[in-house]
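Examination of the molecular architecture
Below, each chain spelled out in residue letters.
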Amino acid sequence: MSAPAGGLVVEGVRKSFGKNEVLGGIDLTVAEHEVVCLIGASGSGKSTLLRCVNLLEPIDTGRIVVNGEEISAPRVDVNRVRRGIGIVFQAFNLFPHMSVLDNVTLGPRRALGTSKANAEAQARELLGQFGLAEKVGDYPDRLSGGQQQRVAIVRALAMRPRLMLLDEVTSALDPELVAEVLEVVRGLAREGMTMVIATHEMGFARDIANRICFLDGGVILEQGPPEQIFTSPAEERTQQFLARIIAAGRM
Amino acid sequence: MPIRPVPGRRSRILQGGYEPMTNVSIALVSTFVFLVVVTLAIVNAPGWETVKQSFFNAGEARDSLPLVARAFLLNVKMFLIAEVFILIFALLIAILRGLPGPVFFPLRALAIVYTDLFRGVPTILVVYLLGFGMPGLNLTGIPTSPVFWGTVSLVLVYTAYVSEVYRAGIESVHPSQEAAARSLGLTRAQTLRFVIVPQAVRRVIPPLLNDFIGLQKDTALVSVLGSVDALQQANINSAADFNYTPYVVAALFFIALTIPLARFTDWLILRERQRRQAGGVG
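Reference entry: report on the structure contained in this document. Starting afresh in each chain, residues are numbered from 1 along the sequence in its written order. Here every chain gets a letter starting at A, and every ligand a number starting at 1, in the order they are written. For a predicted model such as this one, the threshold for reporting local features is a pLDDT of at least 70, and the threshold for listing and counting side-chain atom pairs is 80 or more; totals across whole chains, interfaces and linings nevertheless cover every residue.

This part is about the packing of helix 4 (residues 58–97) of chain B against helix 5 (residues 105–120) of chain B. Residues and elements named next belong to chain B. Lines fitted to C-alpha atoms define the axes, with helix axes restricted to the stretch in contact, and inter-axis angles between N-to-C directions lie between 0 and 180 degrees. Numbering of helices and strands runs from the N terminus, with a helix taken as a DSSP run of H or I at least four residues long and a strand as a DSSP run of E at least two residues long. At a closest axis distance of 8 Å, the pairing of helix 4 and helix 5 adopts a crossing angle of 130°. Taken together, the axes of helix 4 and helix 5 are oblique relative to one another. Considering only the axes of helix 4 and helix 5, their crossing is left-handed. Residue-level inspection shows Ile93, Leu96 and Arg97 of helix 4 in contact with helix 5, the latter providing Leu107, Arg108, Ala111, Ile112, Tyr114 and Thr115. Side-chain classes are defined by residue name, with Ala, Val, Leu, Ile, Met, Phe, Trp, Tyr, Cys and Pro counting as nonpolar, Asp, Glu, Lys and Arg as charged, and the others, Gly among them, as polar. Class assignment for the residues of the contact of helix 4 with helix 5 results in 6 nonpolar, 1 polar and 2 charged. Should an angle fall under 35 degrees it is taken as roughly parallel, and over 145 as roughly antiparallel, whereas 65 to 115 is taken as roughly perpendicular and any remaining angle as oblique. Helix crossings get a hand from a simple test, with the near helix turned counterclockwise from the far one by less than a right angle marking a left-handed crossing and a clockwise turn marking a right-handed one. Once C-beta atoms are placed from the backbone, any two residues with those atoms within 7 Å are in contact.

All names here are of chain A. Counting through the fold element by element, Gln122 comes out in helix 4 (residues 116–129). Neighbour counting defines burial: a residue surrounded by 20 or more other C-beta atoms within 10 Å of its own C-beta is buried, one with 12 or fewer is exposed, and intermediate counts give partly exposed, using backbone-placed C-beta atoms. Classification of Gln122 by C-beta neighbours within 10 Å gives partly exposed; the count is 17. When residues no more than four places from it in sequence are discounted, the contact partners of Gln122 are Pro108 and Ala158.

We now examine the sheet that holds strand 8 (residues 194–198) of chain A. Residues and elements named next belong to chain A. One requirement defines pairing of two strands: DSSP has to find at least two bridges between them. With mixed pairing, the 6 strands of this open sheet are ordered in space as 6-7-8-3-9-10. At either margin of the open sheet sits one strand with a lone partner, and together these are strand 6 (85–88) and strand 10 (219–224). Between one strand axis and the next, the sheet turns through 20° on average, direction left out of account. Note that strand 7 (residues 163–167) and strand 8 share 5 bridges and pair parallel. Residue Leu163 lies in a different strand from strand 8, and its bridge partner there is Thr194.

Structure representation (C-alpha coordinates):
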(Lines give C-alpha, C1' and ligand atoms only; values in the text may rest on other atoms or scores of the structure.)
Protein backbone atom coordinates (compact mmCIF):
# COMPACT_ATOMS: atom_id res chain seq x y z
CA MET A 1 0.00 0.00 0.00
CA SER A 2 1.49 3.34 -0.99
CA ALA A 3 1.31 6.00 1.66
CA PRO A 4 -0.57 9.17 0.85
CA ALA A 5 1.34 12.41 1.30
CA GLY A 6 -0.68 13.41 4.34
CA GLY A 7 -2.75 11.33 6.69
CA LEU A 8 -2.27 8.08 8.47
CA VAL A 9 -1.69 4.49 7.39
CA VAL A 10 -1.84 1.64 9.89
CA GLU A 11 -0.88 -1.79 8.57
CA GLY A 12 -1.19 -5.10 10.38
CA VAL A 13 -0.58 -3.57 13.81
CA ARG A 14 -0.57 -6.00 16.69
CA LYS A 15 -0.09 -5.18 20.37
CA SER A 16 -0.20 -7.43 23.41
CA PHE A 17 0.10 -6.66 27.09
CA GLY A 18 1.57 -9.89 28.42
CA LYS A 19 -0.69 -12.69 27.19
CA ASN A 20 -3.56 -10.33 26.52
CA GLU A 21 -3.72 -9.37 22.83
CA VAL A 22 -5.32 -5.92 22.63
CA LEU A 23 -4.76 -5.20 18.93
CA GLY A 24 -4.98 -8.25 16.68
CA GLY A 25 -3.93 -6.87 13.30
CA ILE A 26 -5.32 -3.41 12.60
CA ASP A 27 -5.44 -2.04 9.05
CA LEU A 28 -6.63 1.54 8.72
CA THR A 29 -6.03 4.35 6.25
CA VAL A 30 -7.00 7.92 7.05
CA ALA A 31 -6.65 10.46 4.25
CA GLU A 32 -5.58 14.03 4.92
CA HIS A 33 -8.55 16.17 6.11
CA GLU A 34 -10.54 13.02 6.83
CA VAL A 35 -12.31 12.44 10.15
CA VAL A 36 -12.53 8.82 11.26
CA CYS A 37 -14.44 7.76 14.34
CA LEU A 38 -13.56 4.56 16.19
CA ILE A 39 -16.50 2.98 17.96
CA GLY A 40 -16.73 -0.23 19.93
CA ALA A 41 -17.10 -1.54 23.45
CA SER A 42 -14.65 -0.72 26.24
CA GLY A 43 -11.59 -2.92 25.85
CA SER A 44 -12.03 -3.27 22.10
CA GLY A 45 -8.66 -1.56 21.54
CA LYS A 46 -9.68 2.01 20.56
CA SER A 47 -7.51 3.77 23.14
CA THR A 48 -4.58 1.43 22.64
CA LEU A 49 -4.66 2.08 18.89
CA LEU A 50 -4.51 5.85 19.45
CA ARG A 51 -1.69 5.49 21.99
CA CYS A 52 0.24 3.31 19.52
CA VAL A 53 -0.16 5.91 16.76
CA ASN A 54 1.29 8.53 19.12
CA LEU A 55 4.12 6.12 20.01
CA LEU A 56 3.10 6.17 23.67
CA GLU A 57 2.90 2.37 23.37
CA PRO A 58 5.40 0.41 21.24
CA ILE A 59 3.74 -1.95 18.76
CA ASP A 60 4.67 -5.63 18.48
CA THR A 61 4.34 -5.99 14.70
CA GLY A 62 3.05 -3.94 11.79
CA ARG A 63 3.69 -0.49 10.37
CA ILE A 64 2.41 2.99 11.12
CA VAL A 65 2.93 5.76 8.55
CA VAL A 66 2.12 9.40 9.34
CA ASN A 67 2.43 12.10 6.70
CA GLY A 68 4.46 9.75 4.52
CA GLU A 69 6.97 8.80 7.22
CA GLU A 70 7.10 5.36 8.74
CA ILE A 71 7.05 6.30 12.43
CA SER A 72 7.09 2.71 13.66
CA ALA A 73 10.54 2.16 12.13
CA PRO A 74 13.41 1.59 14.55
CA ARG A 75 15.58 4.61 15.40
CA VAL A 76 12.86 7.10 14.58
CA ASP A 77 13.12 10.18 16.83
CA VAL A 78 9.95 9.66 18.84
CA ASN A 79 10.03 13.19 20.25
CA ARG A 80 10.07 14.72 16.77
CA VAL A 81 7.24 12.42 15.61
CA ARG A 82 5.06 13.25 18.62
CA ARG A 83 5.43 16.99 18.02
CA GLY A 84 3.45 16.56 14.80
CA ILE A 85 0.65 14.48 16.32
CA GLY A 86 -1.75 15.93 18.87
CA ILE A 87 -3.50 13.67 21.36
CA VAL A 88 -6.27 14.56 23.80
CA PHE A 89 -7.00 12.20 26.66
CA GLN A 90 -10.21 11.14 28.34
CA ALA A 91 -9.04 12.47 31.73
CA PHE A 92 -7.64 15.75 30.30
CA ASN A 93 -4.20 15.14 31.89
CA LEU A 94 -3.53 18.86 32.32
CA PHE A 95 -0.50 19.75 34.42
CA PRO A 96 -2.05 20.74 37.77
CA HIS A 97 0.96 22.77 38.95
CA MET A 98 0.90 25.09 35.94
CA SER A 99 -1.46 27.86 34.89
CA VAL A 100 -3.56 27.41 31.76
CA LEU A 101 -1.10 29.56 29.83
CA ASP A 102 1.89 27.51 30.99
CA ASN A 103 0.09 24.27 30.14
CA VAL A 104 -0.37 25.50 26.58
CA THR A 105 3.09 27.02 26.09
CA LEU A 106 5.09 24.14 27.60
CA GLY A 107 5.19 22.13 24.36
CA PRO A 108 5.97 24.99 21.96
CA ARG A 109 8.65 26.40 24.27
CA ARG A 110 10.41 23.21 25.28
CA ALA A 111 9.85 20.89 22.32
CA LEU A 112 9.75 23.41 19.46
CA GLY A 113 12.07 26.02 20.96
CA THR A 114 9.59 28.85 20.41
CA SER A 115 10.47 31.98 22.38
CA LYS A 116 8.43 32.67 25.52
CA ALA A 117 6.88 35.81 24.04
CA ASN A 118 5.87 34.13 20.78
CA ALA A 119 4.57 31.01 22.49
CA GLU A 120 2.46 33.09 24.88
CA ALA A 121 1.09 35.28 22.11
CA GLN A 122 0.06 32.21 20.11
CA ALA A 123 -1.39 30.54 23.20
CA ARG A 124 -3.47 33.61 24.10
CA GLU A 125 -4.80 33.78 20.57
CA LEU A 126 -5.75 30.07 20.54
CA LEU A 127 -7.29 30.23 24.02
CA GLY A 128 -9.28 33.26 22.88
CA GLN A 129 -10.60 31.38 19.86
CA PHE A 130 -11.85 28.63 22.15
CA GLY A 131 -13.54 30.98 24.61
CA LEU A 132 -10.87 30.63 27.28
CA ALA A 133 -9.35 34.13 27.21
CA GLU A 134 -10.53 34.77 30.79
CA LYS A 135 -8.91 31.57 32.07
CA VAL A 136 -5.34 32.22 30.96
CA GLY A 137 -3.96 32.69 34.48
CA ASP A 138 -6.12 30.09 36.24
CA TYR A 139 -4.95 26.71 37.49
CA PRO A 140 -6.66 23.64 36.02
CA ASP A 141 -8.47 22.63 39.22
CA ARG A 142 -10.33 25.96 39.19
CA LEU A 143 -11.90 25.12 35.81
CA SER A 144 -14.96 23.04 34.94
CA GLY A 145 -14.40 19.70 33.23
CA GLY A 146 -15.48 21.14 29.90
CA GLN A 147 -13.07 24.04 30.24
CA GLN A 148 -10.27 21.70 31.24
CA GLN A 149 -10.85 19.53 28.20
CA ARG A 150 -10.91 22.58 25.93
CA VAL A 151 -7.58 23.68 27.42
CA ALA A 152 -6.24 20.18 26.71
CA ILE A 153 -7.36 20.50 23.09
CA VAL A 154 -5.69 23.92 22.82
CA ARG A 155 -2.54 22.48 24.38
CA ALA A 156 -2.41 19.85 21.63
CA LEU A 157 -3.24 22.39 18.90
CA ALA A 158 -0.50 24.75 20.06
CA MET A 159 1.99 22.27 18.59
CA ARG A 160 0.40 22.86 15.14
CA PRO A 161 -0.16 19.12 14.55
CA ARG A 162 -1.22 17.72 11.18
CA LEU A 163 -3.03 14.84 12.86
CA MET A 164 -5.17 14.89 15.99
CA LEU A 165 -6.06 11.83 18.05
CA LEU A 166 -9.03 12.20 20.42
CA ASP A 167 -9.43 9.48 23.02
CA GLU A 168 -12.99 9.55 24.41
CA VAL A 169 -12.63 13.25 25.16
CA THR A 170 -16.16 13.61 26.59
CA SER A 171 -16.35 10.40 28.63
CA ALA A 172 -15.21 12.03 31.87
CA LEU A 173 -17.54 15.01 31.54
CA ASP A 174 -20.89 15.77 33.13
CA PRO A 175 -23.62 15.49 30.50
CA GLU A 176 -24.25 19.25 30.36
CA LEU A 177 -20.57 19.90 29.55
CA VAL A 178 -20.31 17.44 26.66
CA ALA A 179 -21.76 19.81 24.05
CA GLU A 180 -19.18 22.58 24.49
CA VAL A 181 -16.32 20.14 23.88
CA LEU A 182 -18.00 18.46 20.93
CA GLU A 183 -18.61 21.90 19.40
CA VAL A 184 -14.86 22.55 19.54
CA VAL A 185 -14.17 19.24 17.80
CA ARG A 186 -16.75 20.04 15.11
CA GLY A 187 -14.94 23.32 14.51
CA LEU A 188 -11.66 21.48 14.00
CA ALA A 189 -13.33 19.12 11.51
CA ARG A 190 -14.75 22.10 9.56
CA GLU A 191 -11.25 23.54 9.31
CA GLY A 192 -10.04 20.31 7.75
CA MET A 193 -8.04 18.84 10.62
CA THR A 194 -7.22 15.17 10.06
CA MET A 195 -8.64 13.38 13.07
CA VAL A 196 -9.02 9.92 14.52
CA ILE A 197 -11.63 10.02 17.27
CA ALA A 198 -12.45 7.24 19.70
CA THR A 199 -15.90 8.00 21.04
CA HIS A 200 -19.05 6.67 22.69
CA GLU A 201 -21.11 9.62 21.41
CA MET A 202 -22.83 7.94 18.46
CA GLY A 203 -24.88 10.97 17.41
CA PHE A 204 -21.73 13.04 17.32
CA ALA A 205 -19.87 10.34 15.40
CA ARG A 206 -22.64 10.19 12.82
CA ASP A 207 -22.54 14.00 12.35
CA ILE A 208 -18.83 14.52 12.17
CA ALA A 209 -17.22 11.40 10.73
CA ASN A 210 -16.41 10.73 7.10
CA ARG A 211 -16.03 7.12 8.11
CA ILE A 212 -16.89 4.95 11.09
CA CYS A 213 -14.74 2.00 12.18
CA PHE A 214 -16.25 -0.58 14.50
CA LEU A 215 -13.58 -2.25 16.64
CA ASP A 216 -14.24 -5.58 18.25
CA GLY A 217 -11.69 -7.81 19.96
CA GLY A 218 -8.74 -5.78 18.70
CA VAL A 219 -9.62 -5.77 15.00
CA ILE A 220 -11.64 -3.41 12.78
CA LEU A 221 -14.62 -5.65 12.17
CA GLU A 222 -16.48 -3.27 9.91
CA GLN A 223 -15.98 0.19 8.46
CA GLY A 224 -17.85 2.51 6.17
CA PRO A 225 -19.72 5.82 5.91
CA PRO A 226 -21.83 6.70 8.95
CA GLU A 227 -25.16 6.13 7.16
CA GLN A 228 -24.19 2.61 6.29
CA ILE A 229 -22.76 1.62 9.69
CA PHE A 230 -25.57 3.14 11.73
CA THR A 231 -28.50 2.12 9.54
CA SER A 232 -27.51 -1.16 7.90
CA PRO A 233 -24.43 -2.66 9.57
CA ALA A 234 -23.33 -5.88 7.86
CA GLU A 235 -21.78 -7.64 10.84
CA GLU A 236 -23.82 -9.26 13.57
CA ARG A 237 -21.47 -7.94 16.29
CA THR A 238 -21.94 -4.40 15.01
CA GLN A 239 -25.71 -4.83 15.09
CA GLN A 240 -25.54 -6.14 18.67
CA PHE A 241 -23.29 -3.28 19.78
CA LEU A 242 -25.55 -0.62 18.23
CA ALA A 243 -28.65 -2.30 19.68
CA ARG A 244 -27.07 -2.06 23.16
CA ILE A 245 -26.22 1.60 22.58
CA ILE A 246 -29.78 2.38 21.49
CA ALA A 247 -31.17 0.46 24.46
CA ALA A 248 -28.97 2.53 26.76
CA GLY A 249 -30.44 5.71 25.25
CA ARG A 250 -27.09 6.94 23.96
CA MET A 251 -28.20 7.57 20.40
CA MET B 1 2.05 30.77 74.92
CA PRO B 2 -1.54 31.10 73.68
CA ILE B 3 -3.22 27.86 72.76
CA ARG B 4 -5.58 28.00 69.83
CA PRO B 5 -7.68 25.16 68.48
CA VAL B 6 -6.54 24.12 65.02
CA PRO B 7 -9.26 25.16 62.59
CA GLY B 8 -10.61 22.65 60.16
CA ARG B 9 -8.95 19.70 61.86
CA ARG B 10 -12.00 17.70 62.81
CA SER B 11 -15.64 17.67 62.04
CA ARG B 12 -18.07 19.17 64.48
CA ILE B 13 -19.29 15.75 65.49
CA LEU B 14 -15.81 14.67 66.62
CA GLN B 15 -15.37 17.85 68.62
CA GLY B 16 -18.39 16.89 70.69
CA GLY B 17 -20.54 19.79 69.57
CA TYR B 18 -19.16 22.40 72.01
CA GLU B 19 -18.93 26.04 71.03
CA PRO B 20 -15.40 27.04 69.90
CA MET B 21 -14.82 29.26 72.97
CA THR B 22 -15.79 26.39 75.27
CA ASN B 23 -13.23 24.24 73.47
CA VAL B 24 -10.50 26.81 74.11
CA SER B 25 -11.38 27.04 77.80
CA ILE B 26 -11.42 23.28 78.21
CA ALA B 27 -8.06 22.99 76.48
CA LEU B 28 -6.55 25.70 78.70
CA VAL B 29 -7.85 24.22 81.96
CA SER B 30 -6.88 20.64 81.16
CA THR B 31 -3.38 21.71 80.07
CA PHE B 32 -2.95 23.74 83.27
CA VAL B 33 -4.10 20.90 85.51
CA PHE B 34 -1.82 18.48 83.70
CA LEU B 35 1.23 20.75 84.11
CA VAL B 36 0.53 21.33 87.82
CA VAL B 37 0.23 17.60 88.49
CA VAL B 38 3.46 16.78 86.63
CA THR B 39 5.35 19.62 88.30
CA LEU B 40 4.20 18.62 91.77
CA ALA B 41 5.17 15.00 91.12
CA ILE B 42 8.69 15.98 90.09
CA VAL B 43 9.31 18.61 92.75
CA ASN B 44 8.16 16.27 95.53
CA ALA B 45 10.36 13.39 94.38
CA PRO B 46 12.91 12.34 97.05
CA GLY B 47 15.92 13.15 94.83
CA TRP B 48 14.61 16.45 93.41
CA GLU B 49 17.01 18.72 95.37
CA THR B 50 20.06 16.84 94.04
CA VAL B 51 18.72 16.75 90.48
CA LYS B 52 17.84 20.42 90.63
CA GLN B 53 21.35 21.23 91.77
CA SER B 54 23.10 19.21 89.06
CA PHE B 55 20.74 19.77 86.09
CA PHE B 56 19.04 23.12 86.66
CA ASN B 57 21.76 25.19 88.28
CA ALA B 58 21.17 28.86 87.38
CA GLY B 59 24.80 29.88 87.87
CA GLU B 60 26.08 27.03 85.72
CA ALA B 61 23.53 27.92 83.04
CA ARG B 62 24.67 31.55 83.03
CA ASP B 63 28.33 30.59 82.78
CA SER B 64 27.94 28.00 80.03
CA LEU B 65 25.33 29.81 77.94
CA PRO B 66 27.65 32.07 75.87
CA LEU B 67 30.11 29.26 75.20
CA VAL B 68 27.41 26.74 74.22
CA ALA B 69 25.73 29.38 72.08
CA ARG B 70 28.94 30.05 70.16
CA ALA B 71 29.56 26.31 69.75
CA PHE B 72 25.98 25.83 68.59
CA LEU B 73 26.74 28.02 65.57
CA LEU B 74 28.87 25.12 64.34
CA ASN B 75 25.81 22.85 64.46
CA VAL B 76 23.82 25.40 62.50
CA LYS B 77 26.60 25.75 59.95
CA MET B 78 26.94 21.99 59.47
CA PHE B 79 23.18 21.65 59.18
CA LEU B 80 22.82 24.40 56.57
CA ILE B 81 25.71 23.18 54.41
CA ALA B 82 24.65 19.52 54.65
CA GLU B 83 21.05 20.36 53.76
CA VAL B 84 21.97 21.97 50.44
CA PHE B 85 24.02 18.98 49.32
CA ILE B 86 21.42 16.49 50.57
CA LEU B 87 18.63 18.16 48.58
CA ILE B 88 20.67 17.97 45.37
CA PHE B 89 22.27 14.53 45.76
CA ALA B 90 19.08 12.86 46.98
CA LEU B 91 17.17 14.07 43.93
CA LEU B 92 19.91 12.70 41.68
CA ILE B 93 19.79 9.30 43.42
CA ALA B 94 15.98 9.22 43.20
CA ILE B 95 16.12 10.00 39.47
CA LEU B 96 18.82 7.37 38.90
CA ARG B 97 16.60 4.78 40.55
CA GLY B 98 13.76 5.65 38.21
CA LEU B 99 15.74 5.34 34.97
CA PRO B 100 14.03 2.81 32.72
CA GLY B 101 15.45 0.08 30.53
CA PRO B 102 18.23 -2.50 30.81
CA VAL B 103 20.97 -0.01 29.77
CA PHE B 104 20.67 1.84 33.05
CA PHE B 105 20.64 -1.27 35.23
CA PRO B 106 24.13 -0.57 36.69
CA LEU B 107 23.12 2.94 37.74
CA ARG B 108 19.84 1.72 39.24
CA ALA B 109 21.68 -1.03 41.10
CA LEU B 110 24.26 1.45 42.36
CA ALA B 111 21.54 3.75 43.68
CA ILE B 112 19.82 0.85 45.44
CA VAL B 113 23.06 -0.39 47.03
CA TYR B 114 23.82 3.14 48.18
CA THR B 115 20.46 3.73 49.86
CA ASP B 116 20.43 0.26 51.43
CA LEU B 117 23.95 0.73 52.78
CA PHE B 118 23.60 4.19 54.27
CA ARG B 119 20.15 3.65 55.68
CA GLY B 120 21.36 0.41 57.25
CA VAL B 121 24.53 1.60 59.01
CA PRO B 122 23.98 3.64 62.21
CA THR B 123 24.85 7.28 61.61
CA ILE B 124 27.35 7.35 64.46
CA LEU B 125 29.30 4.48 62.87
CA VAL B 126 29.51 6.34 59.56
CA VAL B 127 30.78 9.39 61.47
CA TYR B 128 33.44 7.27 63.22
CA LEU B 129 34.51 5.43 60.08
CA LEU B 130 34.86 8.50 57.89
CA GLY B 131 36.00 10.90 60.62
CA PHE B 132 38.86 8.71 61.80
CA GLY B 133 39.39 6.60 58.67
CA MET B 134 39.71 9.20 55.93
CA PRO B 135 42.31 11.41 57.68
CA GLY B 136 44.07 8.18 58.70
CA LEU B 137 44.78 7.41 55.06
CA ASN B 138 47.31 10.29 55.07
CA LEU B 139 46.46 11.11 51.49
CA THR B 140 47.69 14.51 50.35
CA GLY B 141 44.92 16.87 49.39
CA ILE B 142 42.29 15.14 51.50
CA PRO B 143 40.90 17.31 54.31
CA THR B 144 41.55 16.10 57.84
CA SER B 145 39.07 18.34 59.62
CA PRO B 146 36.57 16.39 61.76
CA VAL B 147 33.89 18.95 60.91
CA PHE B 148 34.40 18.26 57.21
CA TRP B 149 34.15 14.49 57.55
CA GLY B 150 31.34 14.74 60.05
CA THR B 151 29.33 16.84 57.61
CA VAL B 152 30.16 14.45 54.77
CA SER B 153 28.86 11.56 56.91
CA LEU B 154 25.60 13.36 57.58
CA VAL B 155 25.24 14.16 53.88
CA LEU B 156 25.80 10.50 52.95
CA VAL B 157 23.33 9.14 55.50
CA TYR B 158 20.58 11.70 54.98
CA THR B 159 20.90 11.62 51.19
CA ALA B 160 19.89 7.96 51.40
CA TYR B 161 16.80 8.79 53.47
CA VAL B 162 15.78 11.86 51.49
CA SER B 163 16.22 10.08 48.14
CA GLU B 164 13.56 7.61 49.26
CA VAL B 165 11.27 10.51 50.11
CA TYR B 166 11.81 12.02 46.67
CA ARG B 167 11.28 8.62 45.03
CA ALA B 168 7.95 8.18 46.80
CA GLY B 169 6.96 11.62 45.51
CA ILE B 170 8.01 10.88 41.94
CA GLU B 171 6.13 7.58 41.94
CA SER B 172 3.02 9.29 43.30
CA VAL B 173 2.70 11.40 40.14
CA HIS B 174 0.24 9.59 37.89
CA PRO B 175 1.70 8.03 34.70
CA SER B 176 -0.87 9.98 32.66
CA GLN B 177 1.11 13.12 33.44
CA GLU B 178 4.17 11.61 31.81
CA ALA B 179 2.06 10.49 28.84
CA ALA B 180 0.70 14.02 28.42
CA ALA B 181 4.16 15.58 28.52
CA ARG B 182 5.74 13.02 26.19
CA SER B 183 2.82 13.36 23.75
CA LEU B 184 3.79 17.03 23.32
CA GLY B 185 7.23 15.89 22.17
CA LEU B 186 9.07 16.64 25.39
CA THR B 187 12.08 14.42 26.06
CA ARG B 188 12.21 12.19 29.12
CA ALA B 189 14.56 14.66 30.84
CA GLN B 190 12.30 17.63 30.05
CA THR B 191 9.31 15.67 31.32
CA LEU B 192 11.07 15.06 34.63
CA ARG B 193 12.27 18.64 34.87
CA PHE B 194 9.04 20.47 34.04
CA VAL B 195 6.23 18.04 34.89
CA ILE B 196 7.17 15.19 37.23
CA VAL B 197 9.70 16.63 39.68
CA PRO B 198 7.85 19.93 40.40
CA GLN B 199 4.72 17.97 41.35
CA ALA B 200 6.69 15.36 43.29
CA VAL B 201 8.59 17.96 45.35
CA ARG B 202 5.40 19.80 46.33
CA ARG B 203 3.94 16.58 47.64
CA VAL B 204 6.95 15.56 49.74
CA ILE B 205 7.78 18.87 51.41
CA PRO B 206 6.31 17.81 54.81
CA PRO B 207 8.21 14.48 55.04
CA LEU B 208 11.30 16.27 53.69
CA LEU B 209 11.18 18.81 56.52
CA ASN B 210 10.69 15.96 58.96
CA ASP B 211 14.00 14.48 57.86
CA PHE B 212 15.66 17.86 58.30
CA ILE B 213 14.49 18.03 61.88
CA GLY B 214 16.32 14.74 62.35
CA LEU B 215 19.38 16.14 60.62
CA GLN B 216 19.48 19.20 62.90
CA LYS B 217 19.71 16.95 65.94
CA ASP B 218 22.19 14.55 64.39
CA THR B 219 24.74 17.32 63.86
CA ALA B 220 25.55 16.66 67.54
CA LEU B 221 26.99 13.26 66.54
CA VAL B 222 29.97 15.03 65.01
CA SER B 223 31.12 15.83 68.56
CA VAL B 224 32.43 12.26 68.87
CA LEU B 225 35.23 13.32 66.49
CA GLY B 226 36.30 16.02 68.95
CA SER B 227 35.05 19.10 67.12
CA VAL B 228 33.59 21.65 69.50
CA ASP B 229 29.88 21.83 68.72
CA ALA B 230 27.18 22.57 71.28
CA LEU B 231 27.26 19.06 72.74
CA GLN B 232 31.06 18.97 72.98
CA GLN B 233 31.11 22.42 74.61
CA ALA B 234 28.52 21.20 77.12
CA ASN B 235 30.75 18.18 77.74
CA ILE B 236 33.70 20.42 78.48
CA ASN B 237 31.75 22.71 80.80
CA SER B 238 30.06 19.93 82.70
CA ALA B 239 33.30 18.02 83.17
CA ALA B 240 34.92 21.12 84.68
CA ASP B 241 32.32 21.52 87.45
CA PHE B 242 30.77 18.05 87.64
CA ASN B 243 27.44 19.64 86.77
CA TYR B 244 25.00 18.59 84.03
CA THR B 245 23.30 21.98 83.52
CA PRO B 246 25.28 22.73 80.31
CA TYR B 247 23.64 19.68 78.71
CA VAL B 248 20.22 21.13 79.44
CA VAL B 249 21.38 24.43 77.95
CA ALA B 250 22.55 22.63 74.80
CA ALA B 251 19.24 20.74 74.61
CA LEU B 252 17.35 24.03 74.75
CA PHE B 253 19.32 25.34 71.79
CA PHE B 254 18.43 22.28 69.70
CA ILE B 255 14.78 22.59 70.68
CA ALA B 256 14.80 26.28 69.79
CA LEU B 257 15.92 25.32 66.29
CA THR B 258 13.71 22.28 65.67
CA ILE B 259 10.38 23.48 67.10
CA PRO B 260 9.88 26.31 64.58
CA LEU B 261 10.62 23.88 61.75
CA ALA B 262 8.19 21.34 63.22
CA ARG B 263 5.42 23.96 63.48
CA PHE B 264 6.19 25.13 59.94
CA THR B 265 5.81 21.51 58.75
CA ASP B 266 2.43 21.21 60.50
CA TRP B 267 1.33 24.45 58.90
CA LEU B 268 2.34 23.23 55.43
CA ILE B 269 0.48 19.94 55.90
CA LEU B 270 -2.64 21.79 57.04
CA ARG B 271 -2.45 24.24 54.14
CA GLU B 272 -2.03 21.41 51.63
CA ARG B 273 -5.08 19.64 53.07
CA GLN B 274 -7.19 22.80 52.92
CA ARG B 275 -6.02 23.52 49.39
CA ARG B 276 -7.04 20.04 48.27
CA GLN B 277 -10.43 20.31 49.95
CA ALA B 278 -11.04 23.71 48.39
CA GLY B 279 -9.86 22.43 45.01
CA GLY B 280 -12.61 19.84 44.95
CA VAL B 281 -12.02 17.75 41.85
CA GLY B 282 -8.21 17.92 42.10
